[in-house]
Amino acid sequence: MTATSARGTVSASAPAVPRAGRRAARFREALVGWGFITPNLILMSLFLFAPILWAIQLSFQETRGFGDPDWVGFDNYVKMAGDPVFWRSLANTMVFTIVTVPIDMAAGLGLAVLLNSALPARGVFRTMIVLPMVISGVATGMIAVTMFYQTNGIINKVLQAIGLDPIAWQSEGAPAMISVMIVAVWLRVGFNMVIYLAGLQGISPELYEAARIDGATRWQQFRAITVPLVGPSTFFLLIMNVIASFQVFDLIFVMTGGGPGDATSVLVTYAYRNGFQIREQGYGAAIGVVILIITLIFTFIQWKTSRTRDLVE
Amino acid sequence: MAETTNLIQMSEAQQLGQRSARRLRRRRALASADRKGIVARTIIAVIVCIIVMFPLYWMLVVAFSPRGEVFEPGVTLWPSTFTLENFEAVFRRYPVVEWFGNSLVIGTFITAFTVVVNLLAGYAFARLPFRGRNTIFMLALATMMIPVQAIMVAQFKLVAGLGIYGTYWGVILPGAAAAFGIFLARQFFLSIPDELVEAARIDGAGQLRIFLQVVLPLCKPLIAVLTLLTLMGSWNDFAWPLIALKDPDLFTLPIGLLYLKGQTTPDYNAIMALALISVIPMVLLFLFFQRYFVQGFARSGIR
């Protein structure tokens, strides 16, 4: 669209310009474009593109802190294939994603519908539900630590007060994972609600009116009008939530440190552990490359699907 | 130029009109909707909000309770005595003022760099045709998805090699390389009417001048959103500052929080006091500018 209008201007304002002049004009235009993106390109090349290439190189090396790195070929990847902690971390990443993303989206849509309906003090409710979004993962993790504290944390004390057994949030794997998931949902549900609210506001009220006249129940209206028409928001949220889940780091780092054992270890925390705590930088880089590959596959799928979506519109 | 201002004024008037119309419609809807439904929905909303707000309330309770009290047996939902001793302890034992300042300096620089760089790039990707534009845009988008943990070993070596490990710059420069804002900026620039740019071009303005004098003045919401989101992101960032900083005096607030927890007997009252200190600026920012926050997320979500 932009390209046509720009070209249109050149021919309209100066119809008699010879070919060479037009080429010079286009060259000048391209130069301006490149000038605008240069600052960004420098930063990205230096701090993103170069490290990506370097990470790939590092993943074929063994560097233990000091001294020259040894070239070890695919050793790091072979080691990874036989490393139960790596597979555990991959599985945990998947489980975390598969559990939290649908809950976040369903709760986000539910709350958006609720807070888009006629309700007093709607703005106040909305503000309260969105608020956790601005709080850092570390602060959230710290609050969660005080709440999920196994001996005499507020959650276990309340459970005992109503006659239930306290839960071993820190010493057993499954409860530890569940506690991290609960906190992750808390942190993200407001974002999901905001995006769905924006989606809902694009739906024309006449549609609901027509459905009501036809005798559709509220649930039927929700299924037949709301869900399909917030499709673009759902698509966007699916991508954003999967990315966020895949990269969950601060919560796990602060709340469980990947433990107990490796019960809450995920790919990003395992990469950090190898790169900076055990100091097996080559192996850490190799795990990073795997994260990178999975991320790129996901990005590619997203790119493909969003292009077809644009064409449809 | 006169036409330009006219167009802006017109769109502002339209927005104002829409807003009051929307308010009127809401009031009518509230009046006509069934009472019972409203009561039921309000109760659900109140319960949800209590659950969502409880962790923040708990942070306040722990921060203002006497040391150790919340971990004694028995359910206590408020402090027996309201005390500031935890804040006093945190300020006395740790360089909290420095941490706050570090967060502020790093956040300000990252935000300033990111906003300028992303506005320029977003404008180019939206409005300046040049060869390779789409390829580079896709590359930039792809980097949005890459977690820092995937490349952190190499980034760390790079920052060390540049001699900026353990300095502000070691956090700021990689932090400003994020591509999220480009996407937001491009979407916004695409929505600006062609006529404005064309009019300025016919008047003989160069691209930089068009950008600075015609387009940017229309971009206040975009700049506000970009600034808020970037500031929030860098203020709350954890993984990269954790890697790039070593001197406790240079820590940012999230790293300081972790440092407190790493003590042999973590003082959770003090930790909650510091958590509160770290959270307050972002909460205030959010409350003052929430319209922009929501708009920003909504805009990035629409497409």
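All residue numbers refer to position in the chain's written sequence, counted from 1. By the order in which they are written, chains take letters starting at A while ligands take numbers starting at 1. Restriction of local features to residues with pLDDT of at least 70 applies here, the model being predicted, together with a cutoff of 80 or more for giving and counting side-chain atom pairs; totals for whole chains, interfaces and linings are based on all residues. Here the side-chain values reflect all heavy atoms present in the structure, with hydrogen atoms and water set aside.

Identification of chain B as Sugar ABC transporter permease from Agromyces rhizosphaerae is taken from an unreviewed UniProt entry. UniProt positions are given in the numbering used here, feature names are shortened, and annotations may be inferred rather than shown by experiment. Listed in UniProt under the heading Sequence similarities (unreviewed entry), the comment for chain B reads: "Belongs to the binding-protein-dependent transport system permease family." In its Subcellular location (unreviewed entry) section, the UniProt record describing chain B reads: "Cell membrane".

Chain A carries the name Sugar ABC transporter permease in an unreviewed UniProt entry, which gives Agromyces rhizosphaerae as its organism. Reading the Sequence similarities (unreviewed entry) entry of the UniProt record for chain A gives the comment "Belongs to the binding-protein-dependent transport system permease family." Under the Subcellular location (unreviewed entry) heading, UniProt states for chain A: "Cell membrane".

A few words now on the overall build of chain B. By the criteria applied, helices consist of DSSP H or I runs no shorter than four residues and strands consist of E runs no shorter than two, each listed in order from the N terminus. The secondary structure content of chain B amounts to 14 helices and zero strands. Reading chain B from its N end, one meets helices and strands in the order α-α-α-α-α-α-α-α-α-α-α-α-α-α. Three labels apply to residues, based on accessible area from a 1.4 Å probe with only protein chains included: buried if under 20% of the type maximum, exposed if over 50%, partly exposed otherwise in between. Expressed as a percentage of the 303 residues in chain B, the buried residues total 50%. Contact definition: two residues touch when any of their heavy atoms are within 4.5 Å. The contacts in chain B between residues at least 6 apart in sequence include a share of 70% that link residues at least 24 apart. Carbon and sulfur atoms form 65% of the exposed surface of chain B, whose accessible area is close to 14,300 Å². Areas reported here follow the Shrake-Rupley algorithm with a probe of radius 1.4 Å; residue values treat only the protein chains shown as occluding.

Domain assignment breaks chain A into domain 1 (18-56) and domain 2 (85-312). An automatic or database domain assignment is the source of the domain bounds shown. Taking only C-alpha atoms, the centre of domain 1 of chain A and the centre of domain 2 of chain A are 37 Å apart.

What follows covers the interface of chain A and chain B. On the chain B side, the residues contacting the 90 residues of chain A number 105 residues. Simply put, the buried area is the total loss of 1.4 Å probe accessible area from both parts when two parts are fitted together. Carbon and sulfur atoms make up 78% of the area that chain A and chain B hide from each other, which totals about 9,100 Å². Just to be clear on terms, a salt bridge is a Lys or Arg side-chain nitrogen sitting within 4 Å of an Asp or Glu carboxyl oxygen. Run the count over chain A and chain B and you get zero salt bridges. By the criterion applied in these results, polar contacts are pairs of N or O atoms within 3.5 Å in which, for protein atoms, one can donate a hydrogen and the other can accept it, and in which residues neighboring in sequence qualify only through two side-chain atoms. Joining chain A to chain B, the criterion identifies 13 residue pairs in polar contact (both at pLDDT 80 or more). Here the element with the most residues in the side of chain A that touches chain B is helix H2 (residues 19-58) of chain A; it accounts for 21 residues. Taken together, the residues of the side of chain A that touches chain B sort by class into 66 nonpolar, 17 polar and seven charged. When residues are sorted by character, Ala, Val, Leu, Ile, Met, Phe, Trp, Tyr, Cys and Pro go into the nonpolar class, Asp, Glu, Lys and Arg into the charged class, and all the rest, Gly among them, into the polar class.

This part is about unusual backbone geometry. All names here are of chain A. The omega angle of the peptide bond from Gly 259 to Pro 260 is -5°, so this bond is cis rather than trans. In this fold, Pro 260 is placed in the loop between helix H12 (250-255) and helix H13 (267-277). Of note, the phi angle at Ala 121 is positive, near 55°, even though the residue is not glycine. The topology assignment puts Ala 121 in the loop between helix H4 (84-116) and helix H5 (122-130). Phi at Arg 279 is positive, roughly 65°, even though this residue is not glycine. Inspection of the secondary structure puts Arg 279 in the loop between H13 and helix H14 (281-312).

For chain A, the average pLDDT comes to 87, and 90% of its residues sit at 70 or higher. Confidence over residues 1-15 of chain A falls short of pLDDT 50; this stretch has 13 contacts with residues more than four positions distant or in other chains. The quantity called pLDDT is the predictor's confidence in a given residue, expressed from 0 to 100.

Next up on the list: the UniProt feature "transmembrane region" (unreviewed entry) in chain A. Here, the residues flagged by UniProt with the feature "transmembrane region" (unreviewed entry) are residues 31-56, 94-115, 127-149, 176-203, 224-246 and 284-303 of chain A. With 100% helix and 0% strand, the stretch residues 31-56 of chain A has end C-alpha atoms that lie 33 Å from each other.

Axes here mean lines fitted to C-alpha atoms, for a helix over just the part in contact, with angles spanning 0 to 180 degrees between N-to-C directions. Taken N-terminus to C-terminus, the directions of helix H6 (residues 137-148) of chain A and helix H2 (residues 35-64) of chain B make an angle of 85°; their axes are 10 Å apart at the nearest point. Compared by their axis directions, H6 of chain A and H2 of chain B come out roughly perpendicular. Only Phe 54, Pro 55, Leu 56, Trp 58 and Met 59 of chain B of H2 of chain B make contact with H6 of chain A, whose side of the interface consists of Ile 143, Thr 146 and Met 147 of chain A. By residue class, the composition of the contact of H6 of chain A with H2 of chain B is seven nonpolar, one polar and no charged. Under this scheme an angle from 65 to 115 degrees is roughly perpendicular, one under 35 degrees roughly parallel, and one over 145 degrees roughly antiparallel; angles in between are oblique.

On to the confidence of the model for chain B. All names here are of chain B. Taken residue by residue, chain B gives an average pLDDT of 86. The fraction at 70 or more is 87%. For residues 1-8, every residue scores under 50 in pLDDT, and the model assigns this stretch six contacts once sequence neighbours within four places are set aside. Scoring the predicted complex yields pTM 0.85 and, for the interface, ipTM 0.86.

With that settled, consider helix H5 (residues 133-144) of chain B. For a helix, the expected span equals 1.5 Å multiplied by the number of residues minus one. When the terminal C-alpha atoms of H5 of chain B are compared, their 17 Å separation across twelve residues agrees well with the 16 Å that a helix rising 1.5 Å per residue should span. Turning to H5 of chain B, its buried residues number three or more, namely Arg 133, Ile 136, Phe 137, Ala 140, Leu 141, Ala 142 and Thr 143 of chain B.

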